[in-house]
Every structure is written in structure tokens, then in C-alpha cells.
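This is what each chain is made of:
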Amino acid sequence: MGNRGYFLKTVLAVAIGLGLSAQAMAGNNDGAVVGHTQANATVTITNTATGLTRTIVADEHGNYRFPFLPVGQYTLTASSAGKTLGETRDVTVSLGNTTTIDVGTQPNVKELGTVNVAGSILPVIDVTSTESATNLTHAQLLRLPVEQNVASVVQLAPGVVKGNAGFGGISFGGSSIAENAFYVNGLNVTDFYNRNGFSEAPFDFYQEFQVKTGGYSVQFGRTTGGVVNAVARSGTNTFKYGITETIEPDDWRSAARNRYDASGNRYITADRDGESLYKTNLWASGPIIKDKLFFFAMYERRQHPYNSTDDLGEVMNDHHDNNGFWGATIDWNITDKNTLSLMAFSDKDRDTADVYEYDYGSDTRGKRSNVVHNQTGGRNWALTWSSYLTNDFSMKLMFGRNQRMANTVSQLDEACNRVIATNDILAEYPPGAALGCTTSSTVYARTDTRTQYRADFEWTLGSHLLRFGYDHEKNVSVYAQHYAGPDGYYYNVYAASPGSSIPNGGVVPPGYDGYVRARQYVIAGTFPSINSAVYLEDNWSVTPNLVINAGVRNDSFNNEAANGASYIKITKQIAPRLGFSWDVRGDASMKLFGNLGRYYLPVANVINIKQAGGLLDRRTYYAFGGWDTLTLNGVPYVIPKLGPQLGAVDESQGNGTVGDFRSEVSRNMDPVYQDEAILGFQQLLTPQWSWGVRGIYRRMHNAIDDMQISATPQCGGDGYVGWVMANPGKNVTVWGDTHCTGKADGWITIDTSKYGWAMYDADGKYLGQRGWVKPRRSYAAMEFQVDRAWDEKWALNVSYTISWNRGNAEGPVNSDTDFADTGRTENWDNPYVNLANGFLPNDRRHQLKARGTYALTPHWQLGADLNLASGGPITSYGVGNPFDATNYYSYYICVDKCGFIPGQVDASGNPVPYPSEQRVYREVSRGNYGRLPWTYTVDASLTYLHPFYGGNLRIKLTAFNLFNQQRTVQVDQNMQTSISSDISSTFLQPLIFQPPRYVQLMMALDF
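Residues numbered from 1 in each chain as written. Predicted model: local features only at pLDDT ≥ 70, side-chain atom pairs only at ≥ 80, totals over all residues. Heavy atoms only, no water.

Undergrad: So what's going on with the overall build of the chain? Residues and values would help.
TA: Each helix and strand counted, the chain has four helices and 62 strands in total. Scaling as 2.2 N^0.38, a compact globule of 1007 residues should have a C-alpha radius of gyration of about 30 Å, and the chain matches this with 30 Å. With respect to the three principal axes, the spread of C-alpha positions in the chain is 110 × 70 × 45 Å. The buried share among the 1007 residues of the chain stands at 59%. Taking contacts inside the chain between residues at least 6 apart in sequence as the whole, the part at least 24 apart equals 71%. Here the chain displays about 37,500 Å² of accessible surface, and carbon together with sulfur accounts for 55% of that area. With 83 positive and 95 negative side-chain charges, the chain shows a spacing of 5 Å between the two charge centroids. (Helix = DSSP H or I, 4+ residues; strand = E, 2+ residues; numbered from the N terminus. Rg over C-alpha atoms; globule rule 2.2 N^0.38 Å. Buried < 20%, exposed > 50% of the residue type's maximum accessible area, 1.4 Å probe, protein only. Contact = heavy atoms within 4.5 Å. Areas by Shrake-Rupley, 256 points an atom, 1.4 Å probe, with all protein chains shown as cover. Lys, Arg positive; Asp, Glu negative; His and termini not counted. Charge placed at Lys NZ, Arg CZ, Asp CG, Glu CD.)

Here's what the structure looks like:
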């Protein structure tokens, strides 16, 4: 078991010794209040806005706890023998936090660990928690220049960076973008198809966010990245309503810059792109029955017109996005001990793109050539029942549904194939014609539906607070996809010199300067997966100042094929977690905390869809014979002329049939998991100022990905198995050929750290076999943070993170090649793709974040947000290797004897290439070409506030990217695109940049 076994044994031993105790956390859509009073006193807490009242009796030591409290403002009182003890206290319950406050005793020094704002106690240092989290309320965000989406809010937290510019997303602590979890009112809204996104309600629907960046409770799982936890707004006893208008006119947006290569040729056309956004948000809330039943409802109308050209400036896409979004909550205080809450929202979106022929020189549109329709989003809801069953035992039950659609159709789906060409092949491109006759490559329809239910319990037993629960999800993807055009072909055209080897082993013949990949891709079906977990945790107050938290979570994942058979099933994923929190001075003004934890990642649905769904992925390669010019509806366009076929047809990724799962999935496969260690310190300097420091170390273990097992120890190259979902670098057990007869007849085990890949030279001679290196990823960081709480005058938060993200595997997606199919990347297709160690794509050595608000006068506020970060690593990628004739992504650059032998021809008069074993390669490491430039973004806002009788007016003007920085955030890293000594003409060419400056005006009237 190695390091894994040692870690697991150590943490489990401690957990068992502590009675399987675990972290004291509030729930995932509520908060808690704890404290001390007189022994056996009656303690009552009341929500000042809704009248919700809960009463409990403190224990014989005077300890009390209110779990599962809805976020909001409360009053707290204590009494004994009919007499009031002390004064009524005001307290704020925030999302996911526990507020400590004593009542009816002598003045409590612990209140130094809170801030009194407008008479309400706010938690600054939660001495019961060992997790790392950042809370941001709707009121705070209104004071800051933050874009109105969840991703922008999340990036305010330390250690969080944007993912690869090509497919976006968010990276927490060195993880890939496909490892996070997102919740709204306890409902998991994470994309389970690819894990690259989430369902998102209109921004004004949210009341508070909590961004968990590490050390989170065993209540949360299915993530090796971060957790974003949000709670929706709700109604009160006071009827309120309002309207918010948000506008971002294109005239207030700076133009993106065109980009030119060394010869002065424009390869990115961006200055004609335009975008506007107009949103009208109407909302209302209030009582249906006073003190009992409340509602919040909102409707948001969005208009999002934008236009964009292709890189050549020959096609213009005009997008029209005109949708209505809605959200609502209903809260019912059935009794003082039972509440029922319903949350629902829709993020359905329809986008229509009109595609026109376009002339850049004259800035004129030609005829409309196509119309593309995209539909995304869906309806989401969650029903939650919370109950105080006894004085010491509470329960919360939740049932909900999350839906995400992704449908793409176009008018030219039947008539037109998609054509893409690399920049260095476009010199032969005929002017005045479009590249292909459609910009829509895929006819695509997918609906993902999650049905979720969970039960969470709290049980106080003396100095122990036990928490336990069950969490179950059924995730179903209904899927259909094929490429557009006759026969469903998608053409990719690449430049390559004669004699160059191409990915399927073919060779570009004399007289041709490129090749074409004609690809067919077809798959359809209904694919479910079932995820379930049980957890147990305890918060043990060893002393009044020391809390020990430990717990264990047991996850299981079952990804099924369209016929209902299990494709990948992994059970008994035991995740122990252990933490401590030491209230150093006993007054909640200084905390030392730490934790160790294990976190597991489920298998995304894309795996069982594309690996167990009868996928046809047929790739046929041809020599590039130039361009054919055709017309459609009077519009000229070009498609590639296909020369002679090069090499064999490649159906290795899928031949349209569902195979024997025993030969496609490794038996007893281990899950993907990550271990994390955190040590932190927080201190309250004054009632407003606090600071903290945190050290983090994360290490990922295992990968689950597709590997081509083309040899076995028993049969060598005659033991070909095929594409297998497995753990690279570990033992793989599959149904295969045990007697070297060419027929699968039994279980075979391959140690893929040594065997499994058959090596052949260019003539097809078997050279032996080799294995894969094991996946490695580590993240080490120090985070420093200073915070000043808002006091109606000013607030400030500054964080600095220095980190190192190293290894040979980013995670289940691959930013290096813009491959976002989670868990089926190129990373392990052969042993050479992940052979090198170094700094990974999400490595940002330095991050400085600062945000704040200053009240110039009672009516004017100035807000600012700074994000400064060092650039990510740049790697030079080749395609060959010194071991065999494989032509694919690699960390080797061919430097000698890469093409033809001078003066030698074969019997047909064709030049003779050098044998693969004579080629000379230079090995490179990750990040060998330095770093992308530092980037900084400054956002600024000016807000005017004017309260008037019965209402409030807020006008906020925000400039995003105030200084219009458009620095490079991604470059072409492909030094060689074929096995030749030629360096790609586009190597290091900038590809993606910071978005230009834009200005937003928000006007709100609240009554």
C-alpha cells in the first residue's frame, strides 16, 4: 500500500481512538449558534425577520447549541426559574459557520472573536471549525466591483485561479477545473457529464456564498478541488420588492486587438467583435402567513446580443440571446421545531446565431449562410425539511432535482461539413471564400438530470457532537451526437512537409505540403450513474479551548452503460479526515488549527457514454491536395481536396460497437483520490482587523483514464487488448488472451509500470514493450490574508499566495491540449504523453488579491478589486520519441535525421526516410520554455446611495479591467506537429488574451 496505506492507517487509528469524531461544521445551507449560559437554563433564539423561534435547555455545564438555523439575524435570550439572565443578544447566522456567544453569564471574553456591526454579533474567528473558507454576502458584493456570476465571486478567495483560457473553469489549490463541487441550498448542481461547470441561478437570487478551499467536512465529498456553497434569498414578515436594471452597452466596451504574425499576416481577427448585455430583474418577498409562511420570487429578463468574426475575418456570427430567468423560495415554519423550505430556479438559455459571409476590408456582411441554435440549462429545485426531534437530536432531509441541457442544431447540418485548418496551411487559401459552409461542427443533444436525496443528523452527547448522514444521487444523461454534413465528416487540415510522419503512422508523400484528417463521430443512448455515501463525524471538546475533529466518509460510484450493466463500479472509498482547533487564549481572538484529509473524485458520465455507448470514432487521413471552391445559396466556400489515403483507417477510439466490458475496464480498479494537509493560524488584532496564515500540501493519487494496452507480458505484441479504462502505472487486470492464440479466454494482469505498450519501428518490426509512469501531482502553498471588517466607513481584504503545482498529470482534463473530456484525455494514450515532470498548467507561483470599499460620504462609495498573478508555464511539445515510431504528443523534439536520407529513393523513385531508430531527439521537461507574462486586472466601481421614504436607490458604475490589459494568457506550445526537423511556424504564437475593458451600469430601486 506504500504511502497510501500508511496515511490511511494513521488517520483511521486516530479516528478510532477518538470515537470516530469529526469536524464541527454548520450545514451546507444554514449555520449554527453555540455558547455557554447557566447550567440547565432555557435558551431561546428568534429570527427577527421571520419570527422563527427555537428553545432548548442547556446541559448541566451550561453548554447549548442551535444547529440548522437559516441564515439571517437573530436575538438570543436565556432564563432560569422564570427570570431573565442577562441582556438580549443580537447575532448574525452566516452560511456554513458557527457563531460562539455566551448569554446570561459574566461578560464573555469570547466576544473578542466577533465584530459588532449595527448591534449584531458577526463571527470573525470560528474556533469550532478546522476548514478553510471565505464567506461573501449579497450585501458585501453590492459594495464591490464584481461581475454578476458565481465564477467571479469564487475567484475572490485566496488560492483560486482561472482555468485554462481555452475552456475556462476554476482551479482550486492546483486541481484541474473538473474536480469541484457546487451547491445551492444543499442541492448539488455540479455538471456530472464532464464536471467542467455547474447550473447557475440569476445573480440576484443568492443571499450568501461560502467558498471552501480546503479541510472541509466529511459531509462534503465527490471533489478533490474546492466546494462552492450558496444559499438563496428568502422572505420575511415585511413585504419588500424591487427592480434592478443592468446594462453593458457595446459602446462602453473597448475593442479586442487583432493579432499578426512575424510576417505581418493577421491570424486573429477580433476588433470587429462586439457584445452588449441588458438585464431587468424584478423581485418581491414577504409573508403569506405572518410568522409562518414566506416567499421570495424574482424574474430576470436578459438580452445578450453579440457578434464575432472567424480568425480570417471572412465569417460574421450574430448571436441573439433573449431569455427569461426565474427563481423562487418558499419557507414554512410549521412549528418552532419543524420547518419546510422549497427552492427552485431556472437557468434555461436559448442562443441563436446568424452566420454571414463577411468582408473585413469593407466591413460589410454578405448573404446569410447559416442559422445555429443552442439550448442550455434547465430547471432545478430542492425541498428541505429541518426538525428538532429532541433537545439534543436534530434532523434535516432534502430531496431535489438538477437539470442541464446542451442542444445544438443548425440549418446546414445535413448539407455542410465543418472545415478547420491550421494557420500555417492557409497561405493557399482562396480569397473571398469561406472555410467550409458551416461554423457548426456538431449536431448535438444532451439532457443531464440529477435526482438527489440526503439525510443529515446531529446528536449532542456530552462533550461530543455527533453528525452522520446519507447522500444519494442518480445522474442520468440522455445523449446523441454526430458531426454535421454529408456522411458526418469533420475535416481538419494540417501543414506537414513531405516525408513527415502523421498520427496514424502514415507518411506525407512527395509533392504534398499537408494532410487532412476526415473524422466521423457518432454516439447515442441513455446512460445513468449512481453515487451514494454515508458519513460519520464528531466534534469533541477535549477542553474548553481545544476541539478535536475527525470523521470518515464512505463513497461508492456506479457508472452504467446504456443497457443498464455496470461499466465502472467502485465501492468502499474510505475517506478519513482529522482536524483540531485550539482557541489559544480562550477568548476566540487567536486560533491555531490544522487538518489531514482524504478526498475522492467520482467518474464523470462522459466515460460511460463514450467508452460504453457504442461510440464510432473513425479517423481517415489523406494527403492535402489543395482547395475545392463550391457555392451554397450564392456564397462561395472551400473544402479540402483529398489526395491519396495515408496509413490505415483509425477506429481505435471506437468502432461503433459495444465490446466486452471485461476487456475494457480494469478489474478491481482503484479510485482517484487526493490527500491534503493544512496548518493554519488566525488572530483578531482589533474588533475590525484580523489576519491569518495557512500552509497547504496536496497530493493526488491515481488516475482513471483510457490506455491502449497493445502488448502483454505473456504474449508480447500478439497480446493486443485494446483501449482499457484503468489506473496508469499500476496493475491492470482484464479479460484477455492467456495462451497467445489470438482469442480472449481468461483474466490477465499487466503491470503497466513495466509492460502494456508494444513498440514498433516505422517498418512495423516489433521492438518490445514498455510501461507508463504513475501519475503525480502535488501542490504546496503558503497563504497570507489580512481583513478589515466593514464598519459603514471602509473595508479591506488582502491575500497573497505563493504556490508550487508540480507533477506529470494535471488531473482528469488536459489543459496542455485543450482536451476537456474528463477522464478520457490524451494523458495516457501512450507512455510518452505524460513522461515529463515539471510545473503543471494551473501553476501560478504568485497571486496577490485585494478588494475593498470606502465610503466617501454617506451617499457615495468607492470600490476596487485587484487580481495580480504570475503567468503559467510554457512547454515545447513534440510528437515523436526515441523508442519507437509513434507520432503523437510527446516531450521529445526531433533534432537530427528526422526527414529523408539525402540522395536515396525507393524502387518507385520516392525519397527514403531515415529509420526511426536513427532519429535523434532532445528530451524536454514541463515549463522548459519559461512562463507566460504576469497579468493584472483592476476593477473599480462608484456607487451612489440615496435612501428615501419607503425605499432605497442604488446606482453603481463599474469598470472591469480598468486599464484595458490584454496580455497573453495562452500560446501555441506545439513546437513540432510532425516528425521532422521543422519547427512549427506558429510555435509560441499568442492565442488567447485577457478580455478588454468594459463598463457596467446598475440601477436598483428597493422598497
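Undergrad: Account for the sheet that holds strand β14 (residues 187–188), with residues named and values stated.
TA: Pairing in this open sheet of five strands is mixed, and the strands run β10-β15-β16-β13-β14 from one edge to the other. In this open sheet, the two edge strands, each paired with only one partner strand, are β10 (132–137) and β14. Looking at chain direction, strand β15 (residues 206–214) and strand β16 (residues 227–232) are connected through six bridges and run antiparallel. Looking at β16, one finds that K212 is bridged to V227. (Pairing = 2+ DSSP bridges.)

Undergrad: Report on empty space enclosed by the protein, specifying residues and quantitative values.
TA: Tallying each qualifying case throughout the model produces 10 cavities of 30 Å³ or more. The calculated volume of the largest cavity comes to roughly 190 Å³. Looking at the largest cavity, it is lined by 19 residues, and the ones nearest its centre are L601, V672, I704, P812 and G823. The residue makeup of the lining of the largest cavity, split by class, is 12 nonpolar, five polar and two charged. (1 Å grid on protein atoms, 1.4 Å probe; cavity = no way out; pocket = protein on both sides within 12 Å on 5 of 7 lines; lining within 4 Å. Points joined across faces, edges and corners; volume = space filled by probe spheres on them. Nonpolar A, V, L, I, M, F, W, Y, C, P; charged D, E, K, R; others polar.)

Undergrad: Which residues make up the state of the cysteines, and what values go with them?
TA: One pass over the full model with this rule turns up three disulfides. Put simply, C416 and C437 are joined by a disulfide, and their sulfur atoms are 1.9 Å apart. Where C416 bonds to C437 through sulfur, the torsion about that S-S bond is close to -125°, and the disulfide is left-handed. Highlighted residues: C416 in the loop between β29 (393–410) and β30 (418–421) and C437 in the loop between β31 (434–435) and β32 (442–461), separated in sequence by 21 residues. (Disulfide = S-S within 2.5 Å.)

Undergrad: Can you explain the environment of S129? Please cite residues and give values.
TA: Within the secondary structure layout, S129 lies in the loop between β9 (120–123) and β10. Residues S129 and V603 lie 474 residues apart in sequence; the distance between their C-alpha atoms is 30 Å. For S129, the side chain forms a polar contact with the main-chain nitrogen of E131, separated by 3.2 Å. (Polar contact = N/O pair within 3.5 Å; in protein donor to acceptor, adjacent residues only side chain to side chain.)

Undergrad: Any chance you could break down the nonpolar core for me, citing the residues and the numbers?
TA: Counting 51 residues, the largest nonpolar core has Y567 and I568 as the members making the most contacts within it. If we ignore the near neighbours within four places in the chain, the residues touching I568 are F557, N558, N559, V603, I607, V665, M669 and M725. Judged by nonpolar contacts, the second largest core, of 33 residues, contains L136, L144, V154 and M398. (Core = buried A, V, L, I, M, F, W, Y, C linked by side-chain atoms within 4.5 Å.)

Undergrad: Could you give me a rundown of the side chain of D102, with the residues and numbers involved?
TA: Summarising the element assignment, D102 is placed in the loop between β7 (98–100) and β8 (114–117). Residue class for D102 comes out buried when judged on its relative accessible area of 10%. Engagement of the side chain of D102 in a polar contact is seen with the backbone nitrogen of H36, the distance being 2.9 Å.

Undergrad: Explain unusual backbone geometry to me, using residue names and the numbers behind them.
TA: A positive phi is found at A81, a non-glycine position, where the angle reads about 55°. On the secondary structure map, A81 appears in the loop between β5 (72–80) and β6 (83–93). Phi is positive for N668, close to 60°, though the residue is something other than glycine. On the secondary structure map, N668 appears in the loop between β40 (635–645) and β41 (672–684). For N668, a relative accessible area of 70% gives the class exposed.

Undergrad: I'd love a proper account of the sheet that holds strand β4 (residues 63–69), names of residues and values included.
TA: Spatially, the three strands line up as an open sheet ordered β4-β1-β7, and their pairing is mixed. The sheet is open, and its two borders are formed by β4 and β7, each paired with just one other strand. Ignoring which end each strand starts from, the neighbouring axes of this sheet average 15° apart. In this structure, strand β1 (residues 31–36) lies alongside β7, joined through three bridges in parallel fashion. (Axes fitted to C-alpha atoms, helices over the stretch in contact; angles between N-to-C directions.)

Undergrad: Mind laying out a nonpolar patch on the surface, listing which residues take part and the relevant values?
TA: A grouping of Y854, L856, W860, L862 and L942 is seen on the molecular surface, where their side chains present a nonpolar patch of about 440 Å² in accessible area. Of all the secondary structure elements, the ones that give two or more residues to the nonpolar patch are β52 (846–857) and β53 (860–869). (Patch = residues over 30% accessible without salt bridge, like charges linked within 9 Å, V, L, I, M, F, W, Y side chains within 5 Å. Salt bridge = Lys/Arg side-chain N within 4 Å of Asp/Glu carboxyl O.)

Undergrad: Would you mind going over the packing of aromatic side chains in detail, with residue names and values included?
TA: On inspection of all chains with the given rule, the structure shows 44 aromatic pairs. Here F624 and W627 contribute two aromatic rings whose centre-to-centre distance is 5.2 Å and whose plane-to-plane angle is 70°, an arrangement assigned as edge-to-face. Residue classification places F624 among the buried positions, given a relative accessible area of 2%. A relative accessible area of 9% means that W627 is categorised as buried. Cluster of aromatic residues (ring-pair linked, three or more members): F203, F205, Y206, F209, W283, F296 and F345. Positioned above the aromatic ring of F839, the side-chain terminus of R931 is 5.2 Å from the ring centre. (Phe/Tyr/Trp six-rings, centres within 6.5 Å; stacked < 30°, edge-to-face > 60°. Lys NZ or Arg CZ within 6 Å of the ring centre and 35° of its normal.)

Undergrad: Provide a residue-level description of the pattern of salt bridges, including the pertinent values.
TA: Per the counting criterion, the structure on display carries 38 salt bridges. Across the pair D791 and R788 runs a salt bridge whose closest N-O atoms are separated by 2.8 Å. By relative accessible area, D791 is classed as partly exposed at 28%. Connected through shared salt-bridge partners, R222, R450, R454, D456, D471, E473, R553 and D555 make up one network.

Undergrad: Before we move on, can you summarise the side chain of R598 with the specific residues and values?
TA: In this fold, R598 is placed in strand β38 (residues 590–601). Among the polar contacts listed, one links the side chain of R598 to the side chain of D675, at a separation of 2.7 Å.

Undergrad: Describe the pairing of strand β35 (residues 514–543), and please don't skip the residues or the numbers.
TA: Looking along a regular strand, one sees side chains alternate from face to face of the sheet. By the bridge criterion, 19 bridges tie strand β33 (residues 464–483) to β35 in an arrangement that is antiparallel. Paired with V476 across the bridge in β35 is P528. As paired elements, strand β34 (residues 489–495) and β35 share seven bridges and run antiparallel to each other. Bridge pairing in β35 links N492 to R517.

Undergrad: I'd love a proper account of the pairing of β33, names of residues and values included.
TA: Pairing of β32 with β33 involves 20 bridges; the strand directions are antiparallel. Bridge pairing in β33 places T442 opposite Y483. Between the antiparallel neighbours β32 and β33 lie two residues, among them G462 with a positive phi of about 60°.

Undergrad: Please provide a residue-by-residue account of the confidence of the model for the chain, values included.
TA: Of all residues in the chain, 95% attain a pLDDT of 70 or more, and the chain-wide mean is 90. Looking over the chain, one finds the lowest element-wise mean pLDDT in helix α1 (residues 2–17), namely 37, and the highest in β53, namely 98. Below pLDDT 50 for its whole length, residues 107–112 participates in 15 contacts with residues either more than four positions away or in separate chains. (pLDDT = per-residue confidence, 0-100.)

Undergrad: Tell me about the environment of Q148, and name the residues and values.
TA: Relative to the helices and strands, Q148 resides in the loop between α2 (138–142) and α3 (150–154). The class of Q148 is buried, set by a relative accessible area of 13%. Residues Q148 and Y888, spaced 740 residues apart in sequence, show a C-alpha to C-alpha distance of 41 Å. Look past the residues within four positions of Q148 in its chain and what remains in contact with it is F203, T246, K279, Q1000 and M1002. A distance of 2.5 Å separates the side chain of Q148 from the side chain of K279, its partner in a polar contact.

Undergrad: Hey, could you go over the environment of T712 for me, with residue numbers and the actual values?
TA: Topologically, T712 is positioned in the loop between β43 (705–709) and β44 (722–726). C-alpha of T712 to C-alpha of Y697: the two residues are 15 residues apart in sequence and 37 Å apart in space. Dropping the residues within four chain positions of it, T712 is found in contact with G719, V721, I748, I750 and Q769.

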